[in-house]
Amino acid sequence: MLRRGQGHGGQGRCAQGMGRTRTQERQGRCAHGPPAPATGTLRARNARARAGGQPGCLWGRTVARQRRERTEMGLVSRGAAEVGRGAASAVDRPGPPDAVPNPTPTPPAEGADPGSSRPGMVLKAFFPTCCASADSGLLVGRWVPEQSSAVVLAVVHFPFIPIQVKELLAQVQQASQVGVTVLGTWCHRRQEPEESLGHFLEGLGAIFSHKPWFQLCRERGSKSWSCKATHWQGPASPAASGEDQVMLIFYDQRKVLLSQLHPPTALPDRQAGDTTASAGGLAAVFDTVARSEALFQSDRFDEGPVQLSHWQSEGMEASILVELAKWAAGPVCLFLACLLSLISAASACRVFKLWPLSFIWSKLSTCEQLRHRLEQLTLIFSTRTAESPTQLMRKANMLVSVLLDVALGLMLLSWLHRKDLIGQLADALIPVADRVAEELQHLLQWLMGAPAGLKMNRALDQVLGRFFLYHIHLWISYIHLMSPFIERILWHVGLSACLGLTVALSILSDIIALLTFHIYCFYVYGARLYCLKIHGLSSLWRLFRGKKWNVLRQRVDSCSYDLDQLFIGTLLFTILVFLLPTTALYYLVFTLLRLLVVAVQGLIHLLVDLINSLPLYSLGLRLCRPYRLAAGVKFRVLEHETGRPLRLLMQINPLPYSRVVHTYRLPTCGCHPKHSWGSLCRKLFFGELIYPWRQRGNKQD
């Protein structure tokens, strides 16, 4: 009959009787586990065995046999003896006489509990500053094993019933999808006796099992803190429990909850993996606090079974006006969404997609701005909930941008009607148009002579001059024909400012385009004529070199020309070269006038894009509440003493203004061209048209 016995750190196998040899004992030791403890432990075990009533003769024979074996082998026994009922057995392990136990912790055996034997670690405990003065209780939060961090969210006060605490945590986990659990105990030694409270807190580790188990304590009448993390194994094996070093980090729970952590910008001397790893721990802390909002819905005035301390435990922040606005926002948004959908359906009618209307609507800045404003209002009053904080911030930026735009438009409208500026502008418009037409006539007469002493081709010069003078005459007649209706037109344009300052500016840009339409015609005529001559000269120049442009392959190929082709090419090349200065001069003058008009329209469009794209709500948050937009955190040392845990204070670094604008900038209507200086100079040199709107595709002008 065989039986297993457990010693200090190993297992021994007992056999009945004394007939086993040392070879059999060594085989049994190798088959059944690690060695038993040293001789001192053996004597203590034997003494306890005698006190328990086990047979003394077996104990005596065992001790005598052990001494005889040590004398014969010359080794120090490292076995363990265990006395059973009517049987005794001992296992010896030879070793050096002065062997010292290794202080380095060894990893546990396979299948053993990982908390029974483990090396010391440095753990991070994030503790809210609002709970520093809370009464003693339990620490509730989330354990992040990847970062070896514990995020404390609240403190459960005494008295409480453990099953009710577990039910509350289960409800919070189901609502927030965050693994909220009991992390340890919190002891604020103000009124409770130290010894009774310590004994009571030690027993809570068996009810709420968590590894590691944090024990955070604030000393009575001082600012000293003590914090330790133990791996509780229960009262059966207290020697197997270990402690880890803890770094205590305080954080403002309200600021962390309301803030949004932005991903850091990768520096040139830092790898992307390091940046991601450093931001992972902070993201876990911010995400845990943000998703655990269901835990902060109760305060100390609630008559619930569990009392908590957190940032809203003194009372929830609320406002009657805010609650009324939330209650009325649903029906108002639903009504406006239906109205905007009807307007969108009416604007998408086939009648408005016919060629003249579709072409005009695509070229007018007012139509593009109204379409862009309709898209913004549709997104703002949408009944769908924002899926992420970024979308919520985008809707808030759009709402503030629209409100500011309308407010500026109403201010402009009141300023125009208060001083009767619309009538004064209508009276001054006709004289200004006549003055501009007169100056253009003087300019054309100067070009028809000898401008700057240049010798021009007289026939071509007279034809171009008279052609442009006739257009100016037509334009002046058109302006005088529209003069009775100008004041009424300007009055309706002023009323459009109630839709926003951007709509009024877009209408102003379209009015400038209509008033300078004759300059645009002059520019188009001169640019087309100049572009025709430039392309003709380039083709004839390739003819002299024996080259031609292959239209199918889009490249220059070699080609042989006969004598007649070369003669005709020479004549045409000579004519185009001598007519080029006259055409280039007219093209240069009207291009400068056109660029002046385009520059004025560009400034207006730039102001419109600035109002449409500027994230005003985000900039206001950055100015008034910098912690709402977090770029990272910084730590300030509060206490660093020997024998005390390192205490740090986590502070939020606000996002720079440049990154705020870059991150939350709103999209614009995007109907205006964005030329680089190189492409603009190339277009001007080759006579390609410069439009104030964006062309579709890659079609050449």
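Because the structure is a prediction, the values reported are computed rather than measured. (Residues numbered from 1 in each chain as written. Predicted model: local features only at pLDDT ≥ 70, side-chain atom pairs only at ≥ 80, totals over all residues. Heavy atoms only, no water.)

**Observations concerning the overall build of the protein**
Counting its secondary structure elements, the protein contains 19 helices and 17 strands. The buried share of the protein, reckoned over its 701 residues, is 37%. For the protein, the share of sequence-separated contacts (at least 6 apart) that also reach a separation of at least 24 residues comes to 69%. On the protein, roughly 41500 Å² of surface is accessible, and the fraction owed to carbon and sulfur atoms is 62%. (Helix = DSSP H or I, 4+ residues; strand = E, 2+ residues; numbered from the N terminus. Buried < 20%, exposed > 50% of the residue type's maximum accessible area, 1.4 Å probe, protein only. Contact = heavy atoms within 4.5 Å. Areas by Shrake-Rupley, 256 points an atom, 1.4 Å probe, with all protein chains shown as cover.)

**So, the layout of surface pockets**
Here the largest pocket defines a volume of roughly 1700 Å³. Residue lining of the largest pocket: 40 residues in total, with Leu 258, Lys 326, Leu 392, Tyr 617 and Arg 628 positioned closest to the centre. The element that contributes the greatest number of residues to the lining of the largest pocket is helix α11 (residues 389–418), accounting for 7 residues. Split into classes, the residues belonging to the lining of the largest pocket amount to 20 nonpolar, 10 polar and 10 charged. (1 Å grid on protein atoms, 1.4 Å probe; cavity = no way out; pocket = protein on both sides within 12 Å on 5 of 7 lines; lining within 4 Å. Points joined across faces, edges and corners; volume = space filled by probe spheres on them. Nonpolar A, V, L, I, M, F, W, Y, C, P; charged D, E, K, R; others polar.)

**As for the UniProt feature "transmembrane region" (unreviewed entry) in the protein**
Mapped onto the present numbering, the UniProt feature "transmembrane region" (unreviewed entry) falls at residues 327–352, 398–416, 463–481, 493–516, 565–589 and 595–619. With 75% helix and 0% strand, the stretch residues 493–516 has end C-alpha atoms that lie 18 Å from each other. Measuring from the first to the last C-alpha atom of residues 595–619 gives 35 Å, for a span that is 92% helix and 0% strand. (UniProt positions renumbered as here; feature names shortened; annotations may be inferred.)

**A word on the packing of α11 against helix α14 (residues 501–515)**
Packing of α11 against α14 leaves a shortest axis separation of 7 Å and a crossing angle of 60°. Considering the angle they form, α11 stands oblique to α14. Residue-level inspection shows Asp 405, Leu 408, Gly 409 and Leu 412 of α11 in contact with α14, the latter providing Leu 501, Thr 502 and Ala 504. (Axes fitted to C-alpha atoms, helices over the stretch in contact; angles between N-to-C directions. Parallel < 35°, antiparallel > 145°, perpendicular 65-115°, else oblique.)

**Remarks on the environment of Trp 311**
Its place among the elements puts Trp 311 in the loop between β13 (308–309) and α8 (320–347). Classification of Trp 311 by relative accessible area gives buried; the value is 18%. In the structure, Trp 311 is positioned 58 residues away from Gln 253 in sequence and 6.3 Å away in space, judged by C-alpha atoms.

**With respect to the environment of Thr 516**
Mapped onto the secondary structure, Thr 516 falls in the loop between α14 and α15 (517–544). Among the residues examined, Thr 516 registers a relative accessible area of 14% and is labelled buried. Distance from Thr 516 to Arg 594, taken between C-alpha atoms, is 8.8 Å for residues 78 residues apart in sequence. Setting aside residues no more than four positions away along its own chain, Thr 516 makes contact with Trp 475 and Val 597.

**Section: the pairing of strand β17 (residues 646–654)**
The two faces of a sheet get side chains in turn, since along a regular strand they alternate between them. With 8 bridges joining them, strand β16 (residues 629–639) and β17 adopt antiparallel strand pairing. Within β17, the position partnered with Phe 635 by the bridge is Met 650. Hairpin connection from β16 to β17: 6 residues lie between these consecutive antiparallel strands, with Gly 643 at a positive phi of about 85°. (Pairing = 2+ DSSP bridges.)

**Considering the pattern of salt bridges**
Evaluation of the coordinates by the stated rule reveals 8 salt bridges. Between Glu 688 and Arg 682 there is a salt bridge, and its shortest N-O distance comes to 3.3 Å. The exposure class assigned to Glu 688 is buried, which follows from its relative accessible area of 12%. Judged by its relative accessible area of 37%, Arg 682 falls in the partly exposed class. Across the pair Glu 688 and Lys 683 runs a salt bridge, and its minimum N-O distance is 3.5 Å. Of the two residues examined, Glu 688 and Lys 683, each falls in the buried class. Among the charged side chains, a network of salt bridges with common partners joins Arg 682, Lys 683 and Glu 688. (Salt bridge = Lys/Arg side-chain N within 4 Å of Asp/Glu carboxyl O.)

**Describing the packing of aromatic side chains**
What characterises a pair of aromatic rings is the spacing of the ring centres plus the angle enclosed by the ring planes. What the rule picks out here adds up to 19 aromatic pairs. Geometrically, the ring pair formed by Phe 522 and Phe 590 is tilted, given 5.1 Å between the ring centres and 55° between the ring planes. Highlighted residues: Phe 522 in helix α15 and Phe 590 in helix α16 (residues 563–613), separated in sequence by 68 residues. Of the two residues, Phe 522 and Phe 590, both sit in the buried class. Three or more aromatic residues joined by ring pairs make a cluster, and in this case those are Phe 467, Phe 468, Phe 522, Tyr 525, Tyr 586 and Phe 590. Over the face of the ring belonging to Tyr 657 we find Arg 622, whose NZ or CZ atom lies 4.5 Å from the ring centre. (Phe/Tyr/Trp six-rings, centres within 6.5 Å; stacked < 30°, edge-to-face > 60°. Lys NZ or Arg CZ within 6 Å of the ring centre and 35° of its normal.)

**Brief notes about the confidence of the model for the protein**
Here the protein averages 75 in pLDDT, and 73% of its residues register 70 or above. Per-residue pLDDT, averaged within each element of the protein, yields its smallest value for strand β4 (residues 87–91) (32) and its largest for helix α17 (residues 616–624) (93). This stretch, residues 69–119, has a pLDDT under 50; its non-local contacts, to residues over four places away or in other chains, come to 98 contacts. Low pLDDT, under 50, characterises residues 266–277; the stretch is placed with 4 contacts to residues that sit more than four places away or in other chains. (pLDDT = per-residue confidence, 0-100.)

**Some details on α8**
Along its 28 residues, α8 runs 40 Å from first to last C-alpha, staying within 8% of the 40 Å computed at 1.5 Å per residue. At Ala 329, α8 is deflected by roughly 35°, the largest bend along its length, and proline Pro 331 occurs up to four residues later in sequence. (Expected span 1.5 Å × (residues − 1). Bend = angle between axes of the 7 residues up to and from the residue.)

**So, the packing of α15 against helix α19 (residues 677–686)**
Relative orientation of the contacting elements α15 and α19 amounts to 85°, with a least axis distance of 8 Å. Considering the angle they form, α15 stands roughly perpendicular to α19. Contact with α15, carried on its side by Tyr 530, Cys 531 and Ile 534, involves Leu 684, Phe 685 and Phe 686 of α19 and no other residues of that element.

**Overview of the side chain of Asp 405**
Take Asp 405: it is sitting in helix α11. There is a polar contact of 2.4 Å between the side chain of Asp 405 and the side chain of Arg 373. Here the side chain of Asp 405 touches Thr 502 through a polar contact of 2.6 Å, side chain to side chain. Excluding residues within four positions of it along the chain, Asp 405 makes contact with Arg 373, Leu 499, Gly 500, Leu 501, Thr 502 and Ile 611. (Polar contact = N/O pair within 3.5 Å; in protein donor to acceptor, adjacent residues only side chain to side chain.)

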